[in-house]
Amino acid sequence: MEKTSTDAFPFTMNSSEKQETVCIFGTGDFGRSLALKMLQCGYSIVFGSRNPQKSSLLPNGAEVLSYSEAARKSDIIIIAVHREHYGFLTELTEVLKGKTLVDISNNLKINQYPESNAEYLAQLVPGAHVVKAFNTISAWALQSGALDANRQVFVCGNDSKAKQRVMDIVRTLGLTPLDQGSLMAAKEIENYPLQLFPMWKFPFYLSAFLCVFFFFYCVIRDVIYPYVNGGKDSTFRMAISIPNRVFPIAALTLLALVYLPGVIAAILQLYRGTKYRRFPDWLDHWMLCRKQLGLVALGFASLHVLYTLVIPIRYYVRWTMKNRTITQATAKREDPFSTSTAWLSDSYVALGILGFFLFVLLGITSLPSVSNTVNWREFRFVQSKLGYLTLILCTAHTMVYGGKRFLSPSSLIWYLPSAYVIALIIPCIVLVIKFVLVLPCIDKTLTRIRQGWERNAKPTLNGERYLKQSSVHLDSEL
Ligand SMILES: Cc1cc2nc3c(=O)[nH]c(=O)nc-3n(C[C@H](O)[C@H](O)[C@H](O)COP(=O)(O)OP(=O)(O)OC[C@H]3O[C@@H](n4cnc5c(N)ncnc54)[C@H](O)[C@@H]3O)c2cc1C
Ligand SMILES: NC(=O)C1=CN([C@@H]2O[C@H](COP(=O)(O)OP(=O)(O)OC[C@H]3O[C@@H](n4cnc5c(N)ncnc54)[C@H](OP(=O)(O)O)[C@@H]3O)[C@@H](O)[C@H]2O)C=CC1
Ligand code: HEM
Ligand SMILES: [Fe+3]
């Protein structure tokens, strides 16, 4: 279908509305940036200011009046003033009656006040329609146009017409309005810009713990043990060898922890015989940050691949190979070619490559621009089915890497097994339980539960089942 020029923009104002006048209270950073952007988009702007004569640096074309005069010029007023300075608005109650006030304010810390700034504004000026918007956009981004970070503008308000008008303005500015409902949502919207990677905390802390634990574990086995038992200085291993153990082990462990909650969820649902009971908080939170866990795991796996690529150029590897060649030459001995070793080493590398390929595919599908193009079944197929295949390949890669040394007593050092053996524990548990869950007899019951069947549902007169009156309590058993 031929795209006409008007379709090029998601939303354009027709010429009569072009001159819509919008009033902005406050000639500070945000007021000025927003005014500039709105003037560029065809609005006419009138500022309300404490000192109209003194206001400088204002965009050309914007009028500056006192607050009360400016309020008379438009029925939509954007309050670009800090909440602490809202007091003067009570004197304007009459002139603001029936008008739309847009609260854009943020606070310095989460839940700084008992009520949201928008609800506070609504209390100060009860006759006006308060709409929350723009607080997630920075003045700088508005001015510089660098809106890549976040184009989303969360909007909420009790009056749907007023909210719609604000959303139209948001669209005209090339931003994406997200209706969050009534003014009760304002508190969450105000807390949003103050959060710092809320879903990344657990994955980051867990990764840090895994790296530190396995680093020291490998130092004990690879540096301290040879030193204590032979005075050998292997500290150089801390540069590449040990990180190239820690990173892949962290990747494999985190990958397994991405799929463990789904397995626990399934066991819980089977045990309870229903899906209508909430998961315990720790499991809910764990499930909600699987994406972050998976992406951190992919990061570690990528590091491992990079470290592995440099193995052949390392001085220590080249010295060892040269030395081994000279030793054989002087001893006139040639190590026989071992097909099984060749098989083992090529297979584990091949498994690693395939596992990493799928790992990257999981990462790509989690990009919003990609996940928005697939439906939920396709998304689940990649994330769940191919996700498990990734876990199987990476686990197999690690097992075959161990090869003949795997679980052999000779690889114990001070009774400590090789680090990769420990890394295999969680993935193997997940895969074994998953294998049991997909057995037809169990899978059939689980599927029925997930389709709404309940083990203890009481039958009713007309034979229909209705849900057990299990109130949705938090299940504190676990
Ligand atoms: C690189 C990488 C990127 C990733 N990106 C994403 C991503 O973008 N988005 C994402 O979600 N995951 C992402 N993941 C994590 C993981 O791939 C998905 O969460 C995947 O869907 C998990 O599949 P699963 O079979 O373990 O569990 P699921 O398929 O999620 O769940 C198993 C069953 O448990 C039940 N269940 C699941 N969640 C709940 C719940 N909250 N309440 C009640 N029942 C529930 C369902 O009935 C479901 O059938 C990523 C992982 C990696 C490695
Ligand atoms: N800066 C940003 O990037 C963002 C800011 N916000 C929100 O926008 C609002 C304005 O922020 P910003 O523009 O940065 O703040 P500024 O301090 O730069 O400007 C605030 C303006 O409020 C007016 N004002 C009215 N009464 C008072 C008073 N008693 N004391 C001080 N100023 C008063 C002043 O305008 P005048 O002198 O003309 O009266 C002043 O310029 C805040 O609520 C902020 O949380 C939201 C998102 C991003
Ligand atoms: C291109 C992909 C990959 C290649 C070429 C590769 C190659 C290798 C190599 C050569 C080793 C031995 C390293 C050494 O001896 O110093 C190794 C070990 C290992 N790899 Fe990979 N790998 C790949 C992907 C992965 C992925 C995706 C994972 C897991 C998510 C993984 C997990 C491991 C683990 C746990 C070890 C054992 C580390 C140890 O204890 O020494 N690998 N890999
Ligand atoms: Fe809770």
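Residues numbered from 1 in each chain as written. Chains lettered and ligands numbered in written order. Predicted model: local features only at pLDDT ≥ 70, side-chain atom pairs only at ≥ 80, totals over all residues. Heavy atoms only, no water.

- If you look the protein up in an unreviewed UniProt entry, it shows as Metalloreductase STEAP4 from Puma concolor.
- UniProt annotates the protein under Subcellular location (unreviewed entry) with the comment "Endosome membrane".
- Listed under Sequence similarities (unreviewed entry) in UniProt, the entry text for the protein is "Belongs to the STEAP family." (UniProt positions renumbered as here; feature names shortened; annotations may be inferred.)

Some details on the site of ligand 2
Okay, step 1: As a structural note, the neighbourhood of ligand 2 is formed by 19 residues, with Thr27, Phe30, Ser49, Tyr67 and Ala139 the closest of them.
Okay, step 2: Side-chain polar atom of His82 to an oxygen atom of ligand 2: 2.9 Å apart, as the coordinates give it.
Okay, step 3: Compared with its free state, where it exposes 880 Å², ligand 2 has 78% of that area covered by protein.
Okay, step 4: When its residues are assigned to classes, the shell around ligand 2 shows seven nonpolar, 10 polar and two charged. (Near = heavy atom within 4 Å. Polar contact = N/O pair within 3.5 Å; in protein donor to acceptor, adjacent residues only side chain to side chain. Areas by Shrake-Rupley, 256 points an atom, 1.4 Å probe, with all protein chains shown as cover. Nonpolar A, V, L, I, M, F, W, Y, C, P; charged D, E, K, R; others polar.)

As for the coordination of the iron ion (ligand 4)
Okay, step 1: Around the iron ion (ligand 4), the protein supplies Asp281 (OD) and Asp281 (OD) as donor atoms, at distances of 2.4 to 2.6 Å.
Okay, step 2: Inspection of the secondary structure assignment puts Asp281 in helix H12 (residues 281–288). (Donors = N, O, S within 2.8 Å, 3.2 Å for Na, K, Ca; no water. Helix = DSSP H or I, 4+ residues; strand = E, 2+ residues; numbered from the N terminus.)

Here's the deal with the pairing of strand E2 (residues 44–49)
Okay, step 1: Counting buried residues in E2 gives five out of six residues, a clear majority hidden from the surface.
Okay, step 2: Relative to E2, strand E1 (residues 21–25) runs parallel, the two being bridged by five bridges. Across the sheet, the residue bridging to Cys23 is Val46, located in E2.
Okay, step 3: Crossover connection from E1 via helix H3 (residues 29–40) to parallel E2: handedness right-handed.
Okay, step 4: Here four bridges tie E2 to strand E3 (residues 63–66), and the two strands are oriented parallel to one another. The residue bridging Val46 from the neighbouring strand is Glu63, located in E3. (Buried < 20%, exposed > 50% of the residue type's maximum accessible area, 1.4 Å probe, protein only. Pairing = 2+ DSSP bridges. Right-handed = clockwise from strand over helix to strand, strands pointing away.)

Points about a positive patch on the surface
Okay, step 1: On the surface, Arg290, Arg377, Arg380, Lys385 and Arg450 cluster together to form a positively charged patch.
Okay, step 2: Of the residues forming the positive patch, the biggest block, three residues, is contributed by helix H17 (residues 376–402).
Okay, step 3: With respect to the element layout, Lys385 can be found in helix H17. (Patch = residues over 30% accessible without salt bridge, like charges linked within 9 Å, V, L, I, M, F, W, Y side chains within 5 Å. Salt bridge = Lys/Arg side-chain N within 4 Å of Asp/Glu carboxyl O. Lys, Arg positive; Asp, Glu negative; His and termini not counted. Charge placed at Lys NZ, Arg CZ, Asp CG, Glu CD.)

Focus on the site of ligand 1
Okay, step 1: In the vicinity of ligand 1, 21 residues are found, and the nearest of them are Phe279, Ser366, Gln383, Ser384 and Arg450.
Okay, step 2: In this structure, an oxygen atom belonging to ligand 1 sits 2.9 Å away from a side-chain N or O atom of Tyr259.
Okay, step 3: Between ligand 1 and the protein, one listed contact pairs an oxygen atom with a side-chain N or O atom of Gln383 at 2.6 Å.
Okay, step 4: Partitioning the shell around ligand 1 into residue classes produces nine nonpolar, seven polar and five charged.

Considering the layout of surface pockets
Okay, step 1: Considered as a void within the structure, the second largest pocket measures approximately 1300 Å³ in volume.
Okay, step 2: Lining the second largest pocket are 37 residues, and of these Arg290, Arg380, Gln383, Ser384 and Lys385 sit closest to its centre.
Okay, step 3: Those elements that provide at least two residues to the lining of the second largest pocket are helix H11 (243–272), H12, helix H13 (290–309), helix H15 (339–365), H17, helix H19 (425–437) and helix H20 (440–450).
Okay, step 4: Residue contributions to the lining of the second largest pocket peak at nine residues, all from H17.
Okay, step 5: Across the lining of the second largest pocket, the residue classes tally to 20 nonpolar, nine polar and eight charged. (1 Å grid on protein atoms, 1.4 Å probe; cavity = no way out; pocket = protein on both sides within 12 Å on 5 of 7 lines; lining within 4 Å. Points joined across faces, edges and corners; volume = space filled by probe spheres on them.)

Remarks on the coordination of the iron atom of ligand 3
Okay, step 1: Donor atoms from the polypeptide that bind the iron atom of ligand 3 are His304 (NE2) and His397 (NE2), placed at 2.0 Å.
Okay, step 2: Under the relative-accessibility criterion, His304 is labelled buried at 18%.
Okay, step 3: Its relative accessible area of 16% is what places His397 among the buried residues.

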